[in-house]
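Examining the three-dimensional arrangement
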Amino acid sequence: MVETGLASWYGPRFHGKLTASGEVYSQENFTAAHRTLPWGSRVRVTNLANGKSVEVRINDRGPFGKGRIIDVSRAAARALGIVGSGITTVRVEWLSDSEKSTELISQDK
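Residues numbered from 1 in each chain as written. Predicted model: local features only at pLDDT ≥ 70, side-chain atom pairs only at ≥ 80, totals over all residues. Heavy atoms only, no water.

Quick notes on the pattern of salt bridges
Counted according to the given criterion, the structure contains four salt bridges. E28 serves as the salt-bridge partner of R78, at 2.6 Å between the closest nitrogen and oxygen. Residue R78 is found in helix α1 (residues 74-80), and its partner E28 is found in the loop between β1 (2-10) and β2 (31-33); the two are separated by 50 residues along the sequence. Note that R91 is salt-bridged to E93, the shortest N-O span being 3.5 Å. Taking the relative accessible area as the measure of exposure, R91 reaches 30% and is therefore partly exposed. The exposure class assigned to E93 is partly exposed, which follows from its relative accessible area of 22%. (Salt bridge = Lys/Arg side-chain N within 4 Å of Asp/Glu carboxyl O. Helix = DSSP H or I, 4+ residues; strand = E, 2+ residues; numbered from the N terminus. Buried < 20%, exposed > 50% of the residue type's maximum accessible area, 1.4 Å probe, protein only.)

Some remarks on the sheet that holds strand β3 (residues 42-47)
Reading around the barrel, the six strands line up as β1-β5-β2-β4-β3-β6 and close back on themselves, with mixed pairing between neighbours. On average, adjacent strands in this sheet sit at an angle of 45° to one another, irrespective of strand direction. Examined bridge by bridge, β1 and strand β6 (residues 87-96) share seven bridges and lie antiparallel to one another. By the bridge assignment for β6, L6 is matched with T89. (Pairing = 2+ DSSP bridges. Axes fitted to C-alpha atoms, helices over the stretch in contact; angles between N-to-C directions.)

Digging into the pairing of strand β4 (residues 53-60)
Note: β2 against β4, three bridges, orientation parallel. Residue pairing for β4: A33 is matched across the bridge by D60. As judged from the five bridges shared by β3 and β4, these two strands associate in the antiparallel manner. Counted as the bridge partner of R44 is E55 from β4. Once β3 ends, the chain turns through five residues before running back antiparallel as β4, passing G51 with a positive phi of about 80°.

Looking at the layout of surface pockets
Regions of empty space are outlined by a rolling probe, equal in size to a water molecule, passed over the atoms. One number sums up the size of the largest pocket: a volume of about 190 Å³. Surrounding the largest pocket, 14 residues form its lining, Y10, F14, D60, R61 and F64 being those nearest its centre. For the lining of the largest pocket, the class distribution of residues is eight nonpolar, two polar and four charged. (1 Å grid on protein atoms, 1.4 Å probe; cavity = no way out; pocket = protein on both sides within 12 Å on 5 of 7 lines; lining within 4 Å. Points joined across faces, edges and corners; volume = space filled by probe spheres on them. Nonpolar A, V, L, I, M, F, W, Y, C, P; charged D, E, K, R; others polar.)

Taken by themselves, the reported measurements are silent on function.
Here's what the structure looks like:
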């Protein structure tokens, strides 16, 4: 799966609160919110304006801003160079789906 669209970030207001997955949100972890990918999925997010990329783990639902495809943590936003602008066009590439990987391992035993 590859998507191109707008990314934004979220931080202090949500720090320490529960994500949709039940995990406590830390703005310093490399995590993100996506509307449909399973919890634990890993994706590479690339800022198309500057070429910087980061790998994040999906642990929340969103984004809820119109036209956005992913919300990244403050740490990920810092790595992507978007803390100041708040939003940028990105490419999101699916790397792995940990839930499916876990199911396959369980079935093999």
